[in-house]
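# Structure at a glance
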Amino acid sequence: MNLSLSERADNYAREFPNYPSVIYQKGWLYGIWMIGNNFRSKKKYYGEYPPSYLKRLKALFPDCKKVLHLFSGVVEKGTWLEEVTFDINSNLNPDVVGDAHNLSEYFDPGTFDLVVADPPYSQEDAFHYGTPMVNRNKVVREVVKVLKPRGFLCWLDQVLPMYRKRELVLVGTIGIVRSTNHRFRVLSIFQKSN
């Protein structure tokens, strides 16, 4: 992972020239993504990634090789070189079935360049997924263990999870808007310390 934050923003602008840019300013990435809905999609999984979300993340993190999709649900792989899906719900056929609260029991330390997390946002969402609600703080601590030094955590949520500033640095936030009658979400971008 050799790109600086400003180079990541520049790459995003090249990949998505018709959309508002992700801005880099004073060590910080920020922006707003108007993603919309994909009514032609045949996927019907409640809570799936918004349309073009992974393509946009790839534009920000093109140098990441090994990526973990945490609370993955259903993911069409092929965005990064090596992708691993992890979910507690075995009916969704993830690569690894397990509890994210114990993530470090499933993977070696420093395994991933990037972790893409999209947890249930509420008890109602957890009910729809057929999973328990997650303890965000505990899961973030577990993610730190499996991230490589200087690796990234992209946490999509309605809540900024608590984190230890000596372990992670919040380097960006991007608002996510799908369309009418959808909740606003925020992509919080963390980078692991050395």
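Residues numbered from 1 in each chain as written. Predicted model: local features only at pLDDT ≥ 70, side-chain atom pairs only at ≥ 80, totals over all residues. Heavy atoms only, no water.

Check the secondary structure of the chain and you find 4 helices and 9 strands. Ordered by position in the sequence, the α and β elements of the chain form the string α-β-β-α-β-β-β-β-α-α-β-β-β. Taken over C-alpha atoms, the radius of gyration comes to 16 Å for the chain, in line with the 16 Å a tight globule of 194 residues would show. When the backbone C-alpha atoms are referred to their principal axes, the chain occupies close to 40 × 40 × 30 Å. For the chain, buried positions account for 50% of its 194 residues. A sequence separation of at least 24 residues applies to 61% of the contacts in the chain between residues at least 6 apart. Carbon and sulfur atoms make up 50% of the accessible area of the chain, which amounts to about 10000 Å² in all. A gap of 4 Å separates the mean positions of the 26 positive and 20 negative side-chain charges of the chain. (Helix = DSSP H or I, 4+ residues; strand = E, 2+ residues; numbered from the N terminus. Rg over C-alpha atoms; globule rule 2.2 N^0.38 Å. Buried < 20%, exposed > 50% of the residue type's maximum accessible area, 1.4 Å probe, protein only. Contact = heavy atoms within 4.5 Å. Areas by Shrake-Rupley, 256 points an atom, 1.4 Å probe, with all protein chains shown as cover. Lys, Arg positive; Asp, Glu negative; His and termini not counted. Charge placed at Lys NZ, Arg CZ, Asp CG, Glu CD.)

Burial of nonpolar side chains together is a common tendency in soluble globular proteins. Of all hydrophobic cores here, the largest spans 30 residues; its most connected members are Trp33, Tyr53, Leu57, Phe61, Leu114, Leu187 and Ile189. Aside from chain neighbours lying at most four places away, what touches Trp33 is Tyr12, Val22, Tyr53, Arg56, Leu57, Leu60, Ile174, Gly175, Ile176, Val177 and Leu187. Of all hydrophobic cores here, the second largest spans 24 residues; its members include Val134, Val140, Val144 and Phe190. (Core = buried A, V, L, I, M, F, W, Y, C linked by side-chain atoms within 4.5 Å.)

Spatially, 9 strands are ordered 1-2-8-9-7-6-3-4-5 in an open sheet, and the strand pairing comes out mixed. Both outer strands of the open sheet, strand 1 (23-25) and strand 5 (96-97), are each paired with one neighbouring strand and no more. Bridge analysis of strand 3 (residues 66-70) against strand 6 (residues 112-117) gives 4 bridges, and the strand direction is parallel. From the neighbouring strand, His69 faces strand 6, where its bridge partner is Val116. In the packing of helix 2 (residues 53-60) onto the sheet, the strands contacted are strand 2 (28-34), strand 3, strand 6, strand 7 (147-157), strand 8 (168-177) and strand 9 (185-192), and the crossing angle to strand 2 comes to about 155°. (Pairing = 2+ DSSP bridges. Axes fitted to C-alpha atoms, helices over the stretch in contact; angles between N-to-C directions.)

Attention now moves to unusual backbone geometry. The phi dihedral of Lys26 falls on the positive side, at around 55°, and the residue is not glycine. When you line up the elements, Lys26 lands in the loop between strand 1 and strand 2. A residue is classified by how much of its surface remains accessible, and Lys26, at 81% relative accessible area, is exposed. In the Ramachandran plot, Arg150 falls in the positive-phi region, its phi being about 70° despite a non-glycine side chain. In this structure, Arg150 sits in strand 7.

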